[in-house]
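# Tertiary structure, described
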Amino acid sequence: MSSTALASKSAAFAPKSGIEAEDRTQIAGALGKVLADSYMLFIKTQGVHWNVVGPTFYSLHKLTEEHYENLYHAIDELAERIRALGEKAPASYRKYGELSEIRDYDLEQSADAHVRMLVDDHRTAVKSMRDAIEWCEDKKDFVTADMLIERMSWHEEAIWMLNAIIAKQ
């Protein structure tokens, strides 16, 4: 984007927050990746919720419902923060597929395989968040960093809970 276009776009959202326009654009880009990861994880979590079978059905069905509801709200919060930074939030399956490292697939799996897949996907989301947090803190965007730290904490708890379901005694 040219510096003139960046300046005119920034003027429309000129928050006097102490964060430079170029930095807001890059922070929004990092948030777009987190948004895409969250959306992909939302879809996959809902798929597990619908399709899980076996002895752990009830507990997984309830847990994944809690998880996809949490992710649904997080997606909206992330998109609104991107807009508050003055950027357009990514909003298409194609764009989410480009931005996210969480891969989409729809295979028949055992309950344990479903859970392992979700654990891996939560870890991927945490990595994206950790990278974005470091960048945000460096650019003094503590609002976004704080929001992402809270999200990362939730994902780490989800990893713990999911791992506890498949733990071998």
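Please refer to the structure higher up on the page.
Owing to the predicted nature of the structure, the values given are computational and were not obtained by experimental measurement. Per-chain numbering applies: the sequence of each chain, read as written, is numbered from 1 onward. Given that this is a predicted model, residues contribute local features only at a pLDDT of at least 70 and side-chain atom pairs are listed and counted only at 80 or more, while totals for whole chains, interfaces and linings are drawn from all residues. Where side-chain values are given, they derive from all heavy atoms of the structure, hydrogens and water being excluded.

### With respect to the pattern of salt bridges
Once the charged atoms of two side chains with opposite charge are near each other, the side chains can pair. Just to be clear on terms, a salt bridge is a Lys or Arg side-chain nitrogen sitting within 4 Å of an Asp or Glu carboxyl oxygen. Using the criterion set out here, one finds 11 salt bridges in the structure. Residue Lys44 pairs with Asp121 through a salt bridge whose shortest N-O separation is 2.7 Å. Residue Lys44 is located in helix 2 (residues 21-51), and its partner Asp121 is located in helix 5 (residues 111-138); the two are separated by 77 residues in the primary sequence. Residue Lys44 shares its accessibility class with Asp121, and that shared class is buried. Secondary structure counts use DSSP, requiring at least four H or I residues in a row for a helix and at least two E residues in a row for a strand, with both numbered from the N terminus. Three exposure classes are used, based on accessible area relative to the maximum for each residue type with a 1.4 Å probe and protein chains only: buried under 20%, partly exposed in between, and exposed over 50%.

### A few points about a negative patch on the surface
A grouping of Asp76, Glu77, Glu80, Asp146 and Glu150 is seen on the molecular surface, where their side chains present a negatively charged patch. Listing elements by their share of the negative patch, those giving two or more residues are helix 3 (57-84) and helix 6 (142-166). Here the negative patch takes 3 residues from helix 3, the largest share from any one element. Here Glu77 shows up in helix 3. The patches described consist of residues with a relative accessible area above 30% and no salt bridge, like charges being joined within 9 Å and nonpolar side chains (Val, Leu, Ile, Met, Phe, Trp, Tyr) within 5 Å. The protein chains shown are the only cover counted for residues, whose accessible areas, like all others here, come from Shrake-Rupley with a 1.4 Å probe. A positive count includes Lys and Arg, and a negative count includes Asp and Glu. His and the chain ends are not counted in either. Charge placement uses NZ in Lys and CZ in Arg. For Asp and Glu, CG and CD serve respectively.

### Quick word on the side chain of Asp141
Locating Asp141 in the fold gives a position in the loop between helix 5 and helix 6. Using a relative accessible area of 1% as the deciding quantity, one classes Asp141 as buried. The definition of a polar contact used here is a pair of N or O atoms within 3.5 Å, where within protein one atom must be able to donate a hydrogen and the other to accept one, and adjacent residues in sequence count solely through side-chain atom pairs. A polar side-chain atom of Asp141 sits 3.0 Å from a polar atom in the side chain of Arg81. For this analysis, residues touch if any pair of their heavy atoms sits within 4.5 Å. Look past the residues within four positions of Asp141 in its chain and what remains in contact with it is Ile19, Ile27, Arg81, Leu85 and Cys136.

### Focus on unusual backbone geometry
Backbone geometry at Lys140 places phi at a positive 65 degrees, although glycine is not the residue there. Tracing the backbone shows Lys140 in the loop between helix 5 and helix 6.

### Some thoughts on the packing of helix 2 against helix 5
Helix axes use the C-alpha atoms of the stretch in contact, all axes being lines fitted to C-alpha atoms, and the angles between their N-to-C directions lie in the range 0 to 180 degrees. Remark: helix 2 packs on helix 5, axes separated minimally by 10 Å, with the N-to-C direction vectors making an angle of 170 degrees. Here helix 2 lies roughly antiparallel to helix 5, going by the angle between them. Contacts between helix 2 and helix 5 involve Asp23, Gln26, Ile27, Ala30, Lys33, Val34, Asp37, Leu41, Lys44, Thr45 and Val48 from the first element and His114, Met117, Leu118, Asp121, His122, Thr124, Ala125, Ser128, Met129, Ala132, Trp135 and Cys136 from the second. Three categories are distinguished: nonpolar for Ala, Val, Leu, Ile, Met, Phe, Trp, Tyr, Cys and Pro, charged for Asp, Glu, Lys and Arg, and polar for the others, with Gly belonging to the last. Of the residues contributing to the contact of helix 2 with helix 5, the split by class is 12 nonpolar, 6 polar and 5 charged. Under this scheme an angle from 65 to 115 degrees is roughly perpendicular, one under 35 degrees roughly parallel, and one over 145 degrees roughly antiparallel; angles in between are oblique.

### Describing helix 6
For helix 6, with 25 residues, the first-to-last C-alpha span of 36 Å sits near the 36 Å given by 1.5 Å per residue. The set of residues buried in helix 6 consists of Thr144, Ala145, Met147, Leu148, Arg151, Met152, Trp154, His155, Ala158, Ile159, Leu162 and Ile166. Buried residues belonging to helix 6 abut helix 2, helix 3 and helix 5. Helices are assigned an expected span. That span is 1.5 Å times one less than the residue count.

### Thoughts on the packing of aromatic side chains
When the centres of two rings from Phe, Tyr and Trp lie within 6.5 Å, Trp using its six-membered ring, the rings pair. Their planes under 30 degrees apart give stacked, over 60 give edge-to-face, and anything left gives tilted. By the definition in use, this model includes 5 aromatic pairs. Measuring from ring centre to ring centre gives 6.2 Å for Phe42 and Tyr68, while their planes differ by 80 degrees; the resulting arrangement is edge-to-face. Here Phe42, found in helix 2, pairs with Tyr68, found in helix 3; they are 26 residues apart in sequence, far enough to count as distant. Judged by its relative accessible area of 11%, Phe42 falls in the buried class. A residue is classified by how much of its surface remains accessible, and Tyr68, at 14% relative accessible area, is buried. For the pair Phe42 and Tyr72, a centre-to-centre distance of 6.1 Å together with 40 degrees between the ring planes defines the contact as tilted. Placement of the pair is Phe42 in helix 2 and Tyr72 in helix 3, with a sequence separation of 30 residues. Remark: a charge is flagged as sitting over a ring if the NZ atom of Lys or the CZ atom of Arg is within 6 Å of the ring centre and within 35 degrees of the ring normal. Geometry around Trp135 places Lys139 over its ring, the cationic atom sitting 5.1 Å from the centre.

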